[in-house]
Amino acid sequence: MSTTLDTPEQTRMSTGEDIGAWRTIRHGIRHSPELVEGIGWTLVLAVLASAGQVVVPIAVQQTIDHGLRGPDGPDPAFTTLMALLAGAAIVVTSWASYAMAARLFSTAERGLATLRVKAFRHVHDLPLLTQNTERRGALVSRVTSDVDQVSQFLVFGGLLFVVSIGQILIATIVMVVYSWQLALVVWICFAPLFLSLRYFQRKLSAAYGTVRRQVGHLLSAVSEPVVGAAVVKSYAIEARTQERIDTAVERHKSASTRAQGFTAFSFSLGGISAGLANAAVLVVGIWLGQGYLWGEGITAGEVLAFAFLVTLFVGPVQMGTQILTDAQNAIAGWRRVIGILDTPADLVDPGPDGRTLPKGAIDVRFDGVSFSYPGGPEVLSDIDLVIPAGQRVAVVGETGSGKSTIAKLLTRLMDPTRGRVLLDGIDLREVSESALRSSVVLVPQEGFLFDDTLAANVRYGRLGATEEEIVDAAEAIGLGDWLAALPDGLATKVGQRGESLSAGETQLVAMLRAQLADPDLLVLDEATSAVDPQLETRIGRALERLMSGRTSVTIAHRLSTAEAADVVVVVDRGRIVQHGPHAELVGQQGTSYARLHESWVAQQGR
């Protein structure tokens, strides 16, 4: 099974590169409708903030042409009125800008919190098969780094975008009123930049899509050796590990440098356009004022006002190059998050309409079950198996024979490619997720523990359990004295991934968690393969009590488990080749089970 999304088809599915920018934004808003809540009032405030910017240039023009150079000389009253009007405009503009920013901040953070929660929940809704097609660090980057890029753009770039567009439109309208000739000059100067925006948008979109992917690869490269620090030190592979990280850093640097190169070029083009516009306005304005060009003359106040208006025009355009960069970076991240949200959850939960399982030991049936991973050969082929309620079954076989896949299908971590898995005659696909998890519990090969207390980890079996109920569960499977001997009892901190406990103690916590869940069907996936030898006897007793009164299926390498089972199922190359009690199968010389048992006995030195 691939651990990364390497093929072009997988990459497009995952990142959504075929989705255009506006389509991405619309799609993202559907996932986070809070982003457009109250957008009408926000736009009104944006108009106020933008319109207020042109009041000062108009006031300056009126003051010069009518307050200072009027037909009757300077007019102090008119000049004072214009100054008060300009001051009022500044106050209103500042208030509107603040109110608009506050609304944008609030709606953006609410919408992105929804997006982050949805993405995280959907990752857990995806089957393990789908999750395993991408590195964990890359998945984490989608919920964290990619959403942060969207947040920065919507909170800051989005604010600047709204204000900038308003300023450009209003400044253009007033410029045309003052002098259509000068307005035309300004637009001609910026025409090359505007005409090239589509080109830069495509280039930046592709470049920043690569950057976001490299961020995911970088996080994966850094997180894996952190989690596997003991292996790195034990095998002295620090240099090789550092080389992998250096390679990931170099690729991220190269991708970022290429993207910033496009940004720098577009920014320099904006600077050139701004310089040309300012120079052209002064030159053409003077010519118009002197009557050297077509049309009516222009007053000194209008030329000065026009200089202010050009500043209002140039500023947003220059800033637009940075906004374009942030937008493409954010949209690239948004596509990656949407790629996760749009990945279908292959294991469909029927929800409230799903069926429930009766309480008590469950009978199991595999009816013509086959399974294959995408693009690979069949791992299981035509499995027919009946397990009566209350029976203890051990599934054995060589590594890679498909026995662990049986455990995953039985607990519906995956669905069969063909055939049905039935519990009490009910197809697992018809059982609601909540009902299934309350009746069927998997004790995995490595009982994962969270960085919390022992009690908090055990409560994953039943979240509302009291400490007394946890202690009772421990006593029921013979772990009461072990629990009492821990330094802080149930308050003992287990550390990250249970590092404060031994491998055997970690398995004891997993078994205690399963006992607290009180399942009707217990599936143990090689749960005793990594036990502490000193705890083997205790674990064996705990398992014996844990399986009592329940249907149990154990995926085992230690054939001592098979010896104690009611029935042994032997899997070889994805098919059941033998089925029956240990005593019967071990006597069938030359068979798969006999060879496995002989090999195991030799290893045990019997």
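Keep in mind the model is a prediction, meaning the values are calculated, not measured. (Residues numbered from 1 in each chain as written. Predicted model: local features only at pLDDT ≥ 70, side-chain atom pairs only at ≥ 80, totals over all residues. Heavy atoms only, no water.)

1. Remarks on the overall build of the chain
Scanning the chain from terminus to terminus reveals 22 helices and ten strands. When the 606 residues of the chain are sorted by exposure, 48% land in the buried category. Sequence-distant contacts in the chain: of pairs separated by 6 or more residues, those separated by 24 or more amount to 79%. Accessible surface computed for the chain: about 29,400 Å², of which carbon and sulfur atoms make up 60%. (Helix = DSSP H or I, 4+ residues; strand = E, 2+ residues; numbered from the N terminus. Buried < 20%, exposed > 50% of the residue type's maximum accessible area, 1.4 Å probe, protein only. Contact = heavy atoms within 4.5 Å. Areas by Shrake-Rupley, 256 points an atom, 1.4 Å probe, with all protein chains shown as cover.)

2. Structural notes on unusual backbone geometry
Even without a glycine there, the phi angle at arginine 412 is positive, about 55°. Within the secondary structure layout, arginine 412 lies in the loop between helix H13 (403-410) and strand E4 (418-423). Looking at arginine 412, the relative accessible area reads 5%, which means it is buried. Phi is positive for arginine 573, which is not a glycine, with a value near 55°. Here arginine 573 shows up in the loop between strand E9 (567-572) and strand E10 (575-580).

3. Observations regarding the nonpolar core
One recurring pattern in soluble globular proteins is that nonpolar side chains are buried together. The biggest cluster of nonpolar side chains holds 34 residues, and the ones touching the most others in it are Phe366, Val395, Leu409, Leu410, Leu423 and Leu521. It is strand E2 (residues 378-387) that contributes the most residues to this core, five residues altogether. With 33 residues, the next largest nonpolar core counts Ala455, Met511, Leu524 and Leu543 among its residues. (Core = buried A, V, L, I, M, F, W, Y, C linked by side-chain atoms within 4.5 Å.)

4. Quick word on the UniProt feature "transmembrane region" (unreviewed entry) in the chain
Cross-referencing UniProt, the feature "transmembrane region" (unreviewed entry) maps to residues 39-60, 80-101, 153-174, 180-200, 261-287 and 293-314 in the present numbering. Between the C-alpha atoms that bound residues 39-60 the distance is 33 Å, and the span itself is 95% helix and 0% strand. Regarding residues 80-101, the helix share stands at 100% and the strand share at 0%, and the terminal C-alpha atoms are separated by 31 Å. (UniProt positions renumbered as here; feature names shortened; annotations may be inferred.)

5. Section: a nonpolar patch on the surface
Where nonpolar side chains cluster on the molecular surface, the patch consists of Trp41, Val44, Leu48, Val92 and Trp95 and spans about 530 Å² of accessible area. Elements supplying a minimum of two residues to the nonpolar patch: helix H3 (39-53) and helix H5 (76-125). With three residues, the single largest contributor to the nonpolar patch is H3. Residue position: valine 44 is located in helix H3. (Patch = residues over 30% accessible without salt bridge, like charges linked within 9 Å, V, L, I, M, F, W, Y side chains within 5 Å. Salt bridge = Lys/Arg side-chain N within 4 Å of Asp/Glu carboxyl O.)

6. Remarks on the packing of H3 against helix H4 (residues 55-68)
Running from amino to carboxyl end, H3 crosses H4 at an angle of 25°, the nearest separation of the two axes being 4 Å. By the criterion of interaxial angle, the relationship of H3 to H4 is roughly parallel. When H3 is examined against H4, the residues Ala51, Gly52 and Gln53 are found in contact with a partner set consisting of Val55, Val56 and Pro57. Across the contact of H3 with H4, the residue classes break down as four nonpolar, two polar and no charged. (Axes fitted to C-alpha atoms, helices over the stretch in contact; angles between N-to-C directions. Parallel < 35°, antiparallel > 145°, perpendicular 65-115°, else oblique. Nonpolar A, V, L, I, M, F, W, Y, C, P; charged D, E, K, R; others polar.)

7. Considering H3
With 15 residues, H3 ought to run about 21 Å at 1.5 Å a step, and its terminal C-alpha atoms sit 21 Å apart, in line with that. Along H3, the residues classified as buried are Thr42, Leu45, Ala46, Ala49, Ser50 and Gly52. Buried residues of H3 fall within an arc of 160° about the axis and therefore sit on the same side. Along H3, the residues that are exposed and aim more than 90 degrees away from the buried face are Trp41 and Val47. (Expected span 1.5 Å × (residues − 1). Arc of directions from axis to C-beta.)

8. Some points on H13
Among the eight residues of H13, six are classified as buried, and the element is accordingly described as predominantly covered. Listed in full, the buried residues belonging to H13 are Lys403, Thr405, Ile406, Ala407, Leu409 and Leu410.

9. Considerations on empty space enclosed by the protein
By the definition in use, this model includes three cavities of 30 Å³ or more. Residue classes in the lining of the second largest cavity are distributed as five nonpolar, no polar and four charged. (1 Å grid on protein atoms, 1.4 Å probe; cavity = no way out; pocket = protein on both sides within 12 Å on 5 of 7 lines; lining within 4 Å. Points joined across faces, edges and corners; volume = space filled by probe spheres on them.)

10. Topic: the side chain of threonine 93
Residue position: threonine 93 is located in helix H5. Here alanine 89 takes part through its backbone oxygen, which lies 2.7 Å from a polar atom of the side chain of threonine 93. Excluding anything up to four places from it in sequence, threonine 93 contacts Leu48, Ala49, Gly52 and Gln53. (Polar contact = N/O pair within 3.5 Å; in protein donor to acceptor, adjacent residues only side chain to side chain.)

11. Here we look at the sheet that holds E10
Ordered in space as E6-E7-E8-E3-E9-E10, the six strands form an open sheet in which the pairing is mixed. Strands with a single pairing partner mark the edges of an open sheet, and in this sheet they are strand E6 (440-443) and E10. On average, each strand axis in the sheet is inclined to that of its neighbour by 15°, with strand direction left out of account. Here strand E3 (residues 392-396) pairs with strand E8 (residues 551-555) via four bridges, running parallel. Across the sheet, residue valine 393 finds its bridge partner in E8, namely valine 553. Packed on one face of the sheet, H13 meets E3, E6, strand E7 (521-525), E8 and E9 and runs near 145° to E7. Relative to the sheet, helix H19 (residues 536-547) contacts E3, E7 and E8, its axis offset from that of E7 by approximately 150°. (Pairing = 2+ DSSP bridges.)

12. Thoughts on the pattern of salt bridges
Per the stated rule, a full pass over the model turns up 14 salt bridges. Note that aspartate 520 and lysine 359 form a salt bridge whose closest N and O atoms lie 3.6 Å from each other. Of this pair, aspartate 520 sits in the loop between helix H18 (503-517) and E7 while lysine 359 sits in the loop between helix H12 (300-341) and strand E1 (364-372), and the two are 161 residues apart along the sequence. The class of aspartate 520 is buried, set by a relative accessible area of 6%. In this structure, a network of salt bridges that share partners links the residues Glu378, Asp382, Arg418 and Arg575.

13. A look at the sheet that holds E4
Across the sheet, which stays open at both edges, the four strands sit in the order E2-E1-E4-E5 with antiparallel pairing between neighbours. Each edge of the sheet is formed by a strand with only one pairing partner; in this case those strands are E2 and strand E5 (426-427). Bridge count for E1 against E4 is five bridges, and the pairing is antiparallel. Note on E4: the bridge partner recorded for arginine 365 is leucine 422. Contacting E1, E2 and E4, H13 crosses the sheet at an angle of about 115° to E1.

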